[in-house]
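Descriptive structure summary
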Amino acid sequence: MIPSLCWIERGVAATDPHVLQLDQDELNALIQKTEDQLALLEDGNESDDDGEEKDAESEMALLKIADPPQTETPKTKPISGDTEMTTEEEFKMDDYDKDENEEADGTKMFGAGLTGATYFATLDEDPYITLPSAAKDEEDTYEVKPTDNLICVAKLEGEMSSIEMHLWNEAEEDFYVHHDILLDKFPLSLEWLSYDAGEQEEGSERVPGNYLAVGHMSPQIEIWDLDIINSSEPIVTLGERVKPSKKKPKVGKKGHSDAVMCMSWSRQNTNILASGGADKTILLWDLETASAKEVLSNHKDKVQSLAWHLAESTTLLTGSYDSTCSLIDCRTKNSKTWTFDGEVECVSWTATSPFSFVAGTSEGRAVCVDIRQTKPLFTIAAHDSEVSGVAMSRHMPGLLVTCSADKTVKAWKVTESAASCVATREFGDCMSLHTIALCPDYGTMLAIGGLQGGLQLWDLATNREFREAFSIPTQGS
């Protein structure tokens, strides 16, 4: 399952990212730290109120690692003169996975999706890698060209949680997983940012880089340096890892009290990250101090989507399961609210107009709103199920793309008073679509994520009706 994804512009990622190598002592220390954190989490859970335990029961079922059930071992009949032996003893089942010559002395990993995995500090120590020269060649393929785009993908596969970094190059037709980041928590939302929120040496300046904020169910926000390969820890974590509760968040370092549903980074005030939670609140984080400076309580249900205004640095657009969108001036806390028919699943500003935005609802509608008016400009009956994602192009005026749980993606040509569908494609293998994003450098390339099927790409310009609607010439003509 892919709950969230985002693109990274060309030229942002380091050309030669740093490949981190941990020695065995560092690896053991990291694993011990993770185990200690999980132990503290379980100890804290035992002291919570009964009501909070019931509210968080579903999440703890995901975080806890259940022991395999103990069953009575069948016994074999003894051969004359022999003592009675179990099946395991007779066939040496305990040694079944052991190497005949030596036992691998790697380190066992524990956590969400890591149970039973053995981790080695270097490729040379892994007994299953028998081609060291091939492994070395693989390590040398981390180069990122100035013409490459990266796609960050939050991925849940069974018990495994990770961030996959896909590389796409339009000219060379490259598309593959560049590297990944293993997580011990379940990711729900992603947001790229250039602000270095890590600890700084005294007297040093923060240099813009290539970072990814990951909002979790736990609820925490981790910020990872994407220019470090094999990174085992985020550069900073916002909030505390606690069980979801009904307690309202406060300013400071504690953070949300329930899952982090969405985030939006301010490109004008680069040290500010907004996050929306299942606790019905919006937190404004100061990345310089890694603490929440403001708590906004404009909604009565989960906050599902956020978007900073493209020009007004203190104006934040929010969408909630309470069927409303709010436009908030974060300086004065003044706000304006619109109510729709259905829960708000996603919001996006119109790239070509500073006064309008589009919201997708659980009733399958896409609603276009002018913030200077009290009623929507128009409503599109876009899909047969909830509109789970909307994307507005900054390269092609009037291009709106929507996706839905009905397995379809639709491209629309939007005017000031109406919208017409110009392309439709069904992604049946995905079962249900969750998220979409348009490439920031190639205006018609769309990334799509859903319940199954992995990351999908669709170049809208390959559709004849789309080309005709937006007057795109056919290649070679």
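For the structure, see preceding data.
Now for a description of the structure that goes with this document. If you're wondering where the values come from, they're calculated on a predicted model, not measured in any experiment. (Residues numbered from 1 in each chain as written. Predicted model: local features only at pLDDT ≥ 70, side-chain atom pairs only at ≥ 80, totals over all residues. Heavy atoms only, no water.)

Per the secondary structure count, the chain includes six helices and 31 strands. Here the chain holds 477 residues, and the buried ones make up 48% of them. About 24,500 Å² of surface is accessible on the chain, with carbon and sulfur atoms providing 47% of the total. (Helix = DSSP H or I, 4+ residues; strand = E, 2+ residues; numbered from the N terminus. Buried < 20%, exposed > 50% of the residue type's maximum accessible area, 1.4 Å probe, protein only. Areas by Shrake-Rupley, 256 points an atom, 1.4 Å probe, with all protein chains shown as cover.)

What follows covers the sheet that holds strand 23 (residues 365-370). Two orientations exist for strands paired in a sheet by backbone hydrogen bonds: parallel and antiparallel. Spatially, 21-22-23-24 is the arrangement adopted by the four strands of the open sheet, whose pairing is antiparallel. Each end of this open sheet is capped by a strand with a single partner; those strands are strand 21 (344-349) and strand 24 (378-381). Across the sheet, the mean angle from the axis of one strand to that of its neighbour is 20 degrees, orientation sign disregarded. With five bridges joining them, strand 22 (residues 356-361) and strand 23 adopt antiparallel strand pairing. Each residue of the ladder has a partner; that of S356, found in strand 23, is D370. (Pairing = 2+ DSSP bridges. Axes fitted to C-alpha atoms, helices over the stretch in contact; angles between N-to-C directions.)

Any two side chains of opposite charge can pair, on the condition that their charged atoms come close. Under the criterion given, the structure shown has 12 salt bridges. Linking K145 and E172 is a salt bridge whose minimum nitrogen-to-oxygen distance equals 3.0 Å. Of the two residues, K145 is situated in the loop between helix 5 (132-139) and strand 5 (149-157) and E172 in the loop between strand 6 (160-169) and strand 7 (174-183); the sequence distance between them amounts to 27 residues. Residue class for E172 comes out partly exposed when judged on its relative accessible area of 41%. Salt-bridge contacts for D329 lead to R331; the nearest nitrogen and oxygen are separated by 3.4 Å. (Salt bridge = Lys/Arg side-chain N within 4 Å of Asp/Glu carboxyl O.)

Right, let's talk about the pairing of strand 23 for a bit. Of all six residues in strand 23, five are buried; the element is thus mostly enclosed. In this antiparallel pair of consecutive strands, strand 22 and strand 23, the connection spans three residues, and G364 shows a positive phi of 85 degrees. Pairing of strand 23 with strand 24 involves four bridges; the strand directions are antiparallel. Looking at the pairing, R365 lines up with A381 of strand 24.

The sheet built from four strands is open, its strands ordered 8-9-10-12 with antiparallel pairing. Edge positions in the open sheet fall to strand 8 (187-193) and strand 12 (236-238), since each of these has one partner strand only. Neighbouring strand axes in the sheet, compared pairwise and without regard to direction, differ in orientation by 25 degrees on average. Two elements, strand 10 (residues 221-225) and strand 12, share three bridges in a ladder whose sense is antiparallel. Bridge pairing in strand 12 links I221 to L238.

The next subject is the side chain of N169. Mapped onto the elements, N169 comes out in strand 6. Assessed through its relative accessible area of 0%, N169 is described here as buried. Beyond its immediate sequence surroundings of up to four residues, N169 is in contact with T147, D148 and D174. (Contact = heavy atoms within 4.5 Å.)

Next up on the list: the packing of aromatic side chains. Tallied over the entire structure, the rule returns seven aromatic pairs. For the ring pair W192 and W265, a centre distance of 5.8 Å and an interplane angle of 85 degrees mean the geometry is edge-to-face. Of the two residues, W192 sits in strand 8 while W265 sits in strand 13 (residues 260-265), which places them 73 residues apart along the sequence. Accessibility assignment for this pair places W192 and W265 in one class, buried. Taken together, the ring pairs in this structure connect W7, W168 and Y442 into an aromatic cluster. The positively charged end of R372 is found above the aromatic ring belonging to F355, 4.0 Å away from the centroid. (Phe/Tyr/Trp six-rings, centres within 6.5 Å; stacked < 30°, edge-to-face > 60°. Lys NZ or Arg CZ within 6 Å of the ring centre and 35° of its normal.)

Turning next to the state of the cysteines. For the structure shown, the criterion picks out zero disulfides. No disulfide involves C6; its sulfur sits 4.0 Å from the nearest other cysteine sulfur, which is in C152. C6 gets classed as buried once you look at its relative accessible area, which sits at 11%. (Disulfide = S-S within 2.5 Å.)

All right, on to the nonpolar core then. Membership of the largest hydrophobic core comes to 36 residues, with the highest contact counts inside it found for I163, L238, L273 and L287. In terms of residue count, the dominant contributor to this core is strand 9 (residues 211-216) (four residues). Aside from chain neighbours lying at most four places away, what touches L238 is Q220, I221, I223, L273, W285, L287 and A290. Ranked by size, the runner-up nonpolar core spans 21 residues in total, among them F427, C430, I448 and F470. (Core = buried A, V, L, I, M, F, W, Y, C linked by side-chain atoms within 4.5 Å.)

Turning our eyes to something else, we now look at a nonpolar patch on the surface. On the surface, a cluster of nonpolar side chains totalling about 230 Å² of accessible area is made up of M1, M431 and L451. For L451, the position within the fold is in the loop between strand 30 (445-450) and strand 31 (456-459). (Patch = residues over 30% accessible without salt bridge, like charges linked within 9 Å, V, L, I, M, F, W, Y side chains within 5 Å.)

On to the pairing of strand 20 (residues 335-339). With five bridges joining them, strand 19 (residues 324-329) and strand 20 adopt antiparallel strand pairing. By the bridge assignment for strand 20, T324 is matched with T339. Count of turn residues in the strand 19/strand 20 antiparallel hairpin: five residues, of which K333 carries a positive phi of about 70 degrees.

The next subject is the environment of D459. Along the chain, the position of D459 falls in strand 31. Residues D459 and Y442, spaced 17 residues apart in sequence, show a C-alpha to C-alpha distance of 9.2 Å. The residues touching D459, leaving out its near neighbours within four places in the chain, are Y442, T444 and M445.

Function-wise, these values are silent; they only describe arrangement.
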